[in-house]
Structure formats: C-alpha cells, structure tokens
Amino acid sequence: MKNSRIGIALFLIYFLFAMLLNSVGTVILQVINSFDVSKSDASILEAFKDLSIAAASFLGAAFLPRLGYKKSILIALGLMFFACIAMPLWPGFMCTRLFFMCCGISFALIKVSIYSTIGLITKGAQEHAQFMNMLEGIFMLGVLSGYWVFSYFIDSADMTSRHWLQVYWVLACLCAAAFMLLATTPLDESAARPDGRIAGTSESRGFSLMWILTRKSLVYLFLIAAFLSALVEQGITSWLPTFNNEIMKLPLSLSVQMTSILAASSAIGRMGFSLLLKRVHWFTMLSACLCLMAGLIFLTLPLTHALNAEAVTGWGNAPLAAFIFPLIGIFMAPIYPVINSLILSALPTYQHAAMTGLIVIFSALGGTTGSLITGLVFAHFSGQTAFYLTLIPLGIMVPSLFLFRRALDAQSEVEQVSLGVA
C-alpha cells in the first residue's frame, strides 16, 4: 500500500460509521417501545437513511472530486457530531428520522470518498480486492461493537425507557476523535483526475460519467447484483433485533446483543473469504455462498415457532435458532465487497467516484426496499414469512452474477486484444 497511515485512518472512520449506520435495527426496536411507534412506521427509518444515501451519492459522485475526498469525509464527521448531540437533547421519532437522514448523507460522503481513495493508495486488482474485503470486514466489526455499545444503555426492565439515547454522547465523542485523526493525516488526491490535477472536473462531467457508465452492460449487470445483495442484507440486518425480541422471545438487551452474532459472522466471512479468493474463483465462491444462505434459512426458521417467552433469561438458555440463524452472515458477507472490487478494478481510477456513486445509490435503494418489504410482511404476516421471502432475491442473484461474470470476461478479452495490437 502506498500510504499505510491513510489506510489506518480509513479503517477507523469506516468502523465508526458502521456503528452509526447499522444502529437502525436496534433503533427500530427501541422507537417501537420508547416512542410507541408501529412496525410499519418504524420501517421508514431505513428509508430516511437509504434514500438520503442515494440522493447524496448522486450529487456526491459529481461534486466530491471537485471538493476533495478528505474534505468530504471531514464534513461528514462534523455533521454526525451535531446529529449525535441532537438525539439525547431533543428525543422523539421526528429527531430520530432526521438523525438517520443526516447519517445517510454523511455515509454517502464517506463511502464515495473512501471507495474512490482505495484506488489511490493500492496497486493492482488483487491489492484492491484485499483492501476492500478488509475494509468491509472492519465495517462488520464496527457493526458488532455497535450492538454491544447500544445494549449497554438499554434498560430491559423498562421497555419504554429512553436511557438508550445516552449512547449518542459516546458516539459524538468518537466523531470528534475521528475528525482530528483525519485532519492530521495527509492524502494525495491528484491521481483522481484524468489530467492529474487537483482542481476538479466540472459537475456536469461527473453526472455524465455516471450516465455513460450505466449504458455499459458490465455496469448495469453489476448494479442488479448490488441492488439484490443490499436488499437481502438490510432486510435481515434491520429486522433481526425485532425478530429476536418478538419471535425468539428474547429480552430487549439480549435481542440486540445476540444480533451481534450476525455482525461477528459477517466480519469472519469478509476477512476469511478475502483469503479464499486467492485460491477459488470468485463466481464459484459466491454461488456456493448463496446456496448455503438458502440452506440455512430452510434449516433454522422452522425452529423459531412456538417458543416459550418465560424460558429465556440470558445467553445460556436462548433458543438454538437464535445462535444458528445469524451465522448466515458468514456466507452473506463476501458478496457485496467482492462484486464492488471487481467493478472498480475493471474501470480507470478517474471513473471510480462516478462508479462509487452508482454503487451507493443502488445499494441504498436495495436496502430501503429490503427493509420496507421485510417490515410490512413482518407486521401483517409473521417474522418467519418475512425472512422466507429473502429466498426470492437469492435465487435471482445466481443468474445475475453469472451474466456479470460473462461481461467481465468479455471486457478482459477486449483489453488483451487491444494490448496485443498496441
């Protein structure tokens, strides 16, 4: 890696935003109890987060190269600092919605900037893929830590307690610390322009790059896979704490703590499969992961019926399904970072900001769709039915990844012929 210091800074910032962004599942559970909000209304939090991510990513892909990636990340950290302070000072469902809107805007700035920066500090497709998987693994460790930090502030004895809002003072301090760390870390962004200059290209060029990219078969096949991957991942992640509480019959704090198994298994999956990529073709690996995810759903959901609410008091007597189902994260984890790395490695560096904008937009739309559908089905049918529905996008992903592979191979052949002619 060209600059290990900036790499460490990016890891730490991504870790923090994992805690902020993926708290939505925990917060959905808490606002249902603390603010007397229905499941259908609570599911809108995912939309506030993801739609703001999509909107900000669309604009960010055009403006961020001009503004600068480092400055963009600092702006995002500053915005989240004030958003975190607002949560305990003005508690309520409206403030919570605005918090996740700020979280979405900030994460769009973070993700576009960090994904675009990876191409500046790594050499070659293999190093890019390894850094991407490590980054996403760090992200899942942040998610894991977030569940435990939030659960510490949750009062299981009083479901309506608002003491959980005190966690945002801790998160505000972390935002301030991350701001200071990045502010003192140098980053050379000159290679992010086709002409090598720091002064950015025009905003219209940024938008046109995104439009041009969407016309490539390689790109739109990737976007289908990214949309479906986010749909499944967010549908499960956002509603697992509520599933644990209402279906698994776990106490509030334990429901959040046991969701950390999903984050831990996802971290293991992303870091472990990044090593496996050196020996196994990515399509073979991801196809196997999709099949194993479907198998785990069929295996564990039947075990979640007719559970005794009074029997569960802690980790020691939690139902077996509460331990098994979150292991789906092991197989779900590598899909998103692997396909992201593949598409970015296939494009020149100056197109990475525009491509990352598209990645974040379609991922956000997929995440919103997954969370809303899961929440609606959960509210009107059952949690089991909601999770069974994830089998549909899983089935569609296999042929979409196959077509994406063919498009990548075709581009590679064209590039080899061009080099041979040159």
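Residues numbered from 1 in each chain as written. Predicted model: local features only at pLDDT ≥ 70, side-chain atom pairs only at ≥ 80, totals over all residues. Heavy atoms only, no water.

Caption draft 1: Looking closely at the environment of Thr96. Looking at the element boundaries, Thr96 is found in helix α6 (residues 93–121). As a C-alpha pair, Thr96 and Tyr69 span 27 residues in sequence and 28 Å in three-dimensional space. Here Gly92 takes part through its backbone oxygen, which lies 2.8 Å from a polar atom of the side chain of Thr96. (Helix = DSSP H or I, 4+ residues; strand = E, 2+ residues; numbered from the N terminus. Polar contact = N/O pair within 3.5 Å; in protein donor to acceptor, adjacent residues only side chain to side chain.)

Caption draft 2: Here's a closer look at empty space enclosed by the protein. Summed over the entire model, instances satisfying the criterion amount to three cavities of 30 Å³ or more. Estimates place the volume of the largest cavity at around 330 Å³. For the lining of the largest cavity, the secondary structure elements donating two or more residues are α1 (4–21), α4 (44–67), α6, α7 (124–153), α10 (217–246), α11 (252–276) and α16 (352–380). Per-element tally for the lining of the largest cavity: the top contributor is α7, with five residues. (1 Å grid on protein atoms, 1.4 Å probe; cavity = no way out; pocket = protein on both sides within 12 Å on 5 of 7 lines; lining within 4 Å. Points joined across faces, edges and corners; volume = space filled by probe spheres on them.)

Caption draft 3: Main features of the packing of aromatic side chains. Tallied over the entire structure, the rule returns 22 aromatic pairs. A ring pair is formed by Phe243 and Phe387, whose centres lie 4.8 Å apart and whose planes are at 35 degrees; its orientation type is tilted. With Phe243 in helix α10 and Phe387 in helix α17 (residues 383–388), the pair connects residues that are 144 residues apart, well separated along the chain. Here Phe243 and Phe387 have matching classes, each one buried. On the numbers, 5.8 Å between centres and 65 degrees between planes, the contact of Trp282 with Phe404 is edge-to-face. Residue Trp282 is found in helix α12 (residues 282–300), and its partner Phe404 is found in helix α18 (residues 391–421); the two are separated by 122 residues along the sequence. The pair Trp282 / Phe404 is uniform in exposure class, with both members buried. What links up through ring pairs into an aromatic cluster is the set Phe35, Phe99, Phe100, Phe150, Trp164 and Tyr168. (Phe/Tyr/Trp six-rings, centres within 6.5 Å; stacked < 30°, edge-to-face > 60°. Buried < 20%, exposed > 50% of the residue type's maximum accessible area, 1.4 Å probe, protein only.)

Caption draft 4: Layout of the pattern of salt bridges. Under the definition given, this model contains four salt bridges. With a shortest N-O distance of 2.6 Å, Lys49 and Glu46 are connected by a salt bridge. Of this pair, Lys49 and Glu46 both sit in helix α4, separated by three residues, roughly a single helical turn. Residue classification places Lys49 among the buried residues on the basis of a relative accessible area of 2%. The salt bridge involving Lys49 is made with Asp50; its shortest N-O contact spans 2.9 Å. Put simply, Glu46, Lys49 and Asp50 are held in one network by salt bridges that share partners. (Salt bridge = Lys/Arg side-chain N within 4 Å of Asp/Glu carboxyl O.)

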